[in-house]
Each structure stands twice: as structure tokens, then as C-alpha cells.
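# Structural overview
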2 protein chains.
Amino acid sequence: MKRKLYVIGIGPGGREHMTLMALKAIEDSDAVIGYGPYISYIEDLISGKEVISTGMGGEMERVEAALKSADSGKTTCIVSTGDAGLYGMAGPVCEMGKNYPEVEIVVVPGVSSAFMAGAVLGAPLMHDTALISLSDLLTDWDLIKERVRAASEADFVIALYNPKSKTRLTHLEEAVEIMKRYKSPETRVGIVKNAGREGEEIITATLDSIPYDRVDMMTTLIIGNKTTFLENGKMVTPRGYSL
Amino acid sequence: MKRKLYVIGIGPGGREHMTLMALKAIEDSDAVIGYGPYISYIEDLISGKEVISTGMGGEMERVEAALKSADSGKTTCIVSTGDAGLYGMAGPVCEMGKNYPEVEIVVVPGVSSAFMAGAVLGAPLMHDTALISLSDLLTDWDLIKERVRAASEADFVIALYNPKSKTRLTHLEEAVEIMKRYKSPETRVGIVKNAGREGEEIITATLDSIPYDRVDMMTTLIIGNKTTFLENGKMVTPRGYSL
């Protein structure tokens, strides 16, 4: 029988948004691996288990540790917030997994932050949506800008992940400048910090009034399309039903 | 105290992919409203509750019934598969909700089918992804085609929802023709029918070899970007970590 390595998206962090399968996979695991802050979200679920937690940037160490752990016969899980398959650990695990033919990789999907942010804002997605990360650690910044441009030109709703970090201070402003070539300055913007976990903050703005100093790396932004409106405290992109 | 209306994304259908909050919200509800087939996924959770199930296309009836039910004092939920905020019921509920000021609308996010399909394929998303529905019931077909074009030009991974219906037989082929103006015919494509529920089928192909006759309205397609590969049975879009 193959040894299981679960690659788990635990969702935004609040326990209630975790799926039953994520919960069960953690329960079934002998060893749990993840970035420290993510491990803290599931602390109460992993007592008695072997825990390997590493700092930011140790992605490849974590992936290798997880594959080795599973290969040694321990049922193992590696956890990401959100969905493990979007900017998460599923990619490198599947890539490196070819060196561990005895390990069966099971990706457990979760609620990604665009959807969590969307839920607390009302219904801003509803329609064709582009998911874009502004982190240029692993992607060329020119390509990211081209994606922002193309998505704006075709009037997608845009969900921005990783809008800012300590070393990346002006990417969001640059991206907004590109959007404004196609989207009206009045376009609705929803800004959610810590969506779906402790410390949640919701701000609504327009493309012209984003409070940049309140955006950090724990923030997700949703930029509406031409039809998105704010009414009654809800940000909504109408799907076009006749009401 | 306000009366609660939960707008629930139950995920792909398989119980294990439902979130704890979705489960609890259904449990807490006196009345449950949804499209017949969706209700069937949660049949065992709703015995003893008032159930209003309607056929396809009765969206506005369902929304109104849900708001009226909550307004009358019953804790109510309206269920969608996937995430309620993407092509789901959250939009019309929030729009119509303004006429029911006593009703508190709580959107409960869920795992959307692009993420479920991604998980069973391996890790094809990983990167900037455009979510596009090919249904032109509520969106102009020219706008959908423009979105397919722009997303292809900027080398997004593309997840296609609603690729086909009984009356919409050639939209997918048209969309693929547009993609091929920018994406290589060898671009990897993952095709998942009934992702995350009974009857799941996984097909991998290239942009040039899509088996159109095997695609139906329960199918999600994921079209890779330039770097997406298939190895060891997994479809992976590398995120750019050095392995």
C-alpha cells in the first residue's frame, strides 16, 4: 500500500471554513508540516503528532521533509492556508513527488481567500474573475503587469493576492495605475484584511480612494467590473438576472 | 434580532468537501431552499426541515422564497454547489435583500469547482488564473470571447465553467479556437467531470486533442499556461521554486 501525503488547504484560518476532508486528513496524519503561522491555526488538532514547522521561505525544505516523512511510512500532511493548489504547496509537492514513487499525493482543496473576502463583502465575484498575485518573488513583474492589464481590458473582476510585503511597497499602486487605463476611477474595490480569521477588517473604497497604508500582506483586494455596485453595505457584481 | 438567511456554497457535492460552517448553517436552518439536484446532495441533513426545491431557471423564485422565509422569522438557507459567490446565489440574494431590511444575509463560502478539479488533477492552477463561464444565458457571448482572448494573451491558466449545455454545443470549440491564437496546441488541458462527487472522471489532453463529446455541463476544464506540464499522472503549473 502506498504511503499518503495529504497536501491540505485549510482555508482562511477560521476553523469553521475548513472542510471535513481537511479536518480528517489532519486527524489521520502522524506528521504535520507547515509554515509556522499556518501551523498555529491548527495547533489544537495536532497534539501528540510529530510537527515540523519552518519559517517563511523554507518551502523546498518543507516539501522535501514532507515527502521523506511519508516515504518513511508515516501518514503525513503539509498544510497551506487557503487552497493548497493556488500559490500553495501542491505544485512543488507534485513536482518533487516524482522522486518518491511510493508516496501517494492527495491534494485536499480549501476555500481560497478571494472567495472568503468575497463572502464577507457580499457578492463581488459572481462573474468571470481573474486571480492575480502581486508577488514577484517567483513571477516576473512585467508578466504580472501584463496580466493586470489584460484582465482590466476585458473587464474581469480582479482578486489581488499578496498585494504588499515589506520589500514590495509600490506594486499595488502600479497595478492600480494600469487598471485605471481601462476601469473607471469609480470602480468599486473591496479590501479585506484577515478574511475569515481573527482580526478581520473590511474596507470598501473605489479605485481612486484605496487607503494604501491600510493594505498589508494579509490583505485581499477585490476590484469590481463595470457593473459592480455598493448598496446597503454589500458589494455586488450583478449576474444579470432580471429582478 | 435580525433573521438570518445563509447563502451557502456546499462545495462540489461530496460531503467531505463541505466546510464546517456550511454544515452548521444547514443544521441551524428551519427552511432550506435550492435547485433540486443540489438539495439531493444534502438530503440526509435536512430531514424535518421545510424544503423548497425548484427546477433549473427558477433562480429568482428561489431567492424571493428564501428572503420571505427568513423575513417571516425562520432561519433559512439557500444552497448552491461550489462557492455561492461565483456564478451562484449570493449575487441575487444581496441585490434583492435590500427589500428585506430585517434579514441578515450571511454568505458561507465553499470550494469552487476549479479548485476541486485542480486538486484531482494535481496542481494546474498554482499561478494567476482566470475563471470564465461559457454560459451566455446572462452574459454577452462577445464579452465572454473577449475575456477568453485577453486571458490567453496574458498567459493565464484558464478554468472554464459551464462549457456546454443542451443548447450551447459549440461554445467550447469556439473558445478553444481563440485560445489557440495565443496558446500552443500542445498546451495541457485537464478535463474533470463531476469533480469531487459521485461519478468523477478525469481526462488529460492538449488544446489540440480535447474530446469534445465527453464534455458536458457537469464538466470543468483547466487550460494550462505556457509552463504547465503533465508528469507522473499529475498536471502541474510550476510556481518557479528552484527544485
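Placed above this text is the structure.
## Quick notes on the overall build of chain A
Helix and strand counts for chain A come out as seven helices and 13 strands. Computed over its C-alpha atoms, the radius of gyration of chain A comes to 19 Å, within 12% of the 18 Å expected for a compact globule of 243 residues. Projected onto the principal axes, the alpha-carbon positions of chain A cover approximately 55 × 40 × 35 Å. Burial status across chain A gives 62% buried among its 243 residues. Pairs at least 24 apart in sequence give 70% of the contacts found in chain A among residues at least 6 apart. Positive and negative side-chain charges in chain A, numbering 26 and 33 respectively, have mean positions lying 1 Å apart.

## Examining the sheet that holds strand 11 (residues 219-223) of chain B
Sheet architecture is open: 10 strands sit in the order 10(A)-9(A)-11(A)-8(A)-7(A)-7(B)-8(B)-11(B)-9(B)-10(B), paired in mixed fashion. Lying at the two open borders of the sheet, with one neighbouring strand each, are strand 10 (201-206) of chain A together with strand 10 (201-206) of chain B. Each neighbouring strand pair of the sheet contributes to a mean axis angle of 15°, computed without reference to strand direction. Two strands pair when backbone bridges link them, and strand 9 (residues 188-193) of chain A and strand 11 (residues 219-223) of chain A are joined in this way by five bridges, in the antiparallel orientation. Across the sheet, the residue bridging to Lys193(A) is Thr219(A), located in strand 11 of chain A.

## A short note on the interface of chain B and chain A
Each side of the interface is counted separately: chain B has 69 residues, and chain A has 69 residues. With both sides pooled, the region where chain B packs onto chain A buries about 6,100 Å², and carbon together with sulfur makes up 64% of that total. Inspection of the region where chain B meets chain A yields six salt bridges. Our enumeration of links across chain B and chain A arrives at 32 residue pairs in polar contact (both at pLDDT 80 or more). For the side of chain B that touches chain A, the residue count by class is 37 nonpolar, 17 polar and 15 charged.

## Describing the packing of aromatic side chains
On inspection of all chains with the given rule, the structure shows five aromatic pairs over all chains. A ring pair is formed by Phe115(A) and Phe115(B), whose centres lie 5.4 Å apart and whose planes are at 90°; its orientation type is edge-to-face. Taken together, the positions of Phe115(A) in helix 5 (residues 113-121) and Phe115(B) in helix 5 (residues 113-121) put the pair across two chains. Phe115(B) matches Phe115(A) in its accessibility class, with the two residues each being buried. Taking the centre distance of 4.9 Å and the plane angle of 90° together, the rings of Tyr35(B) and Tyr38(B) count as edge-to-face. The buried category is assigned to Tyr35(B), whose relative accessible area is 17%. Of the residues examined, Tyr38(B) reaches a relative accessible area of 25% and is grouped as partly exposed.

## Details of the pairing of strand 5 (residues 103-108) of chain A
Residues and elements named next belong to chain A. The buried fraction of strand 5 is high, at five of six residues. Taken together, the six bridges between strand 1 (residues 3-9) and strand 5 define a ladder with parallel strand orientation. Bridge assignment links Tyr6 to a residue of strand 5, and that residue is Val106.

## Description of the relation of the copies chain B and chain A
Both copies of the chain are related by one operation, a rotation about an axis with a shift along it. Superposition of chain B onto chain A requires a rotation of 180° combined with a translation of 0.0 Å along the rotation axis, giving an RMSD of 0.0 Å. This pairing of chains is accounted for by a two-fold axis. Most of the interface of chain B is mirrored in chain A, where 100% of its interface residues are also at the interface.

## Some details on helix 3 (residues 59-71) of chain A
One turn of the α-helix equals 3.6 residues, which is why residues spaced by three or four share an orientation. Residues and elements named next belong to chain A. Taking 1.5 Å of rise per residue, 13 residues should cover 18 Å, and helix 3 covers 18 Å from first to last C-alpha, within 8% of that figure. Along helix 3, the residues that are buried comprise Glu59, Met60, Arg62, Val63, Ala66, Leu67, Ser69 and Ala70. In this structure, the buried side of helix 3 is in contact with strand 1, strand 2 (31-35), strand 3 (50-54), strand 4 (76-80), helix 4 (90-97) and strand 5. Positive phi appears at Gly73, one or two residues downstream of helix 3, with a value of about 110°.

## Brief notes about the pairing of strand 11 of chain A
All names here are of chain A. Counting buried positions along strand 11 yields five of five residues, so the element is predominantly enclosed. Alternating residues of strand 11 divide into Thr219, Leu221 and Ile223 and Thr220 and Ile222, and every residue in both groups is buried. Of the pairings in the sheet, the one linking strand 8 (residues 157-161) to strand 11 comprises three bridges and is antiparallel in character. Looking at the pairing, Leu160 lines up with Leu221 of strand 11.

## Overview of the sheet that holds strand 1 (residues 3-9) of chain B
Two strands in a sheet stick together by hydrogen bonds in their backbones, pointing the same way (parallel) or opposite ways (antiparallel). Residue and element names in this part refer to chain B. Pairing in this open sheet of five strands is parallel, and the strands run 3-2-4-1-5 from one edge to the other. Sheet topology places strand 3 (50-54) and strand 5 (103-108) at the edges, where each strand pairs with a single neighbour. The mean inter-strand angle of the sheet, taken between neighbouring strand axes irrespective of direction, is 20°. Sheet contacts for helix 3 (residues 59-71): strand 1, strand 2 (31-35), strand 3, strand 4 (76-80) and strand 5; angle to strand 2, the most-contacted strand, approximately 175°.

## Topic: unusual backbone geometry
Residue Asp155(A) is not a glycine yet carries a positive backbone phi of 55°. Structurally, Asp155(A) can be placed in the loop between helix 6 (141-153) and strand 8.

## Some thoughts on empty space enclosed by the protein
Here the structure, examined in full by the defined rule, presents one cavity of 30 Å³ or more. Together, Asp83(A), Gly85(A), Phe115(B), Gly118(B), Ala119(B), Gly122(B), Ala123(B), Pro124(B) and Leu125(B) line the largest cavity. Put simply, the parts of the chain that give the lining of the largest cavity at least two residues each are helix 5 and strand 6 (122-123) of chain B. Sorting elements by how many residues they give to the lining of the largest cavity places helix 5 of chain B first, with three residues. Here the residues of the lining of the largest cavity are counted per class, giving five nonpolar, three polar and one charged.

## Focus: the packing of helix 6 of chain A against helix 6 (residues 141-153) of chain B
Interhelical geometry of helix 6 of chain A versus helix 6 of chain B gives an angle of 175° and a closest axis separation of 9 Å. On the basis of the axis angle, helix 6 of chain A is roughly antiparallel to helix 6 of chain B. For the pair formed by helix 6 of chain A and helix 6 of chain B, the contact residues are Glu146(A), Arg149(A), Ala150(A) and Glu153(A) on the first element and Glu146(B), Arg149(B), Ala150(B) and Glu153(B) on the second. Tallied by class, the residues present in the contact of helix 6 of chain A with helix 6 of chain B amount to two nonpolar, no polar and six charged.

Criteria and cut-off values
Residues numbered from 1 in each chain as written. Chains lettered and ligands numbered in written order. Predicted model: local features only at pLDDT ≥ 70, side-chain atom pairs only at ≥ 80, totals over all residues. Heavy atoms only, no water. Helix = DSSP H or I, 4+ residues; strand = E, 2+ residues; numbered from the N terminus. Rg over C-alpha atoms; globule rule 2.2 N^0.38 Å. Buried < 20%, exposed > 50% of the residue type's maximum accessible area, 1.4 Å probe, protein only. Contact = heavy atoms within 4.5 Å. Lys, Arg positive; Asp, Glu negative; His and termini not counted. Charge placed at Lys NZ, Arg CZ, Asp CG, Glu CD. Pairing = 2+ DSSP bridges. Axes fitted to C-alpha atoms, helices over the stretch in contact; angles between N-to-C directions. Buried area = accessible area lost by both parts, 1.4 Å probe. Salt bridge = Lys/Arg side-chain N within 4 Å of Asp/Glu carboxyl O. Polar contact = N/O pair within 3.5 Å; in protein donor to acceptor, adjacent residues only side chain to side chain. Nonpolar A, V, L, I, M, F, W, Y, C, P; charged D, E, K, R; others polar. Phe/Tyr/Trp six-rings, centres within 6.5 Å; stacked < 30°, edge-to-face > 60°. Least-squares fit on C-alpha atoms with pLDDT ≥ 70 in both. Expected span 1.5 Å × (residues − 1). 1 Å grid on protein atoms, 1.4 Å probe; cavity = no way out; pocket = protein on both sides within 12 Å on 5 of 7 lines; lining within 4 Å. Points joined across faces, edges and corners; volume = space filled by probe spheres on them. Parallel < 35°, antiparallel > 145°, perpendicular 65-115°, else oblique.

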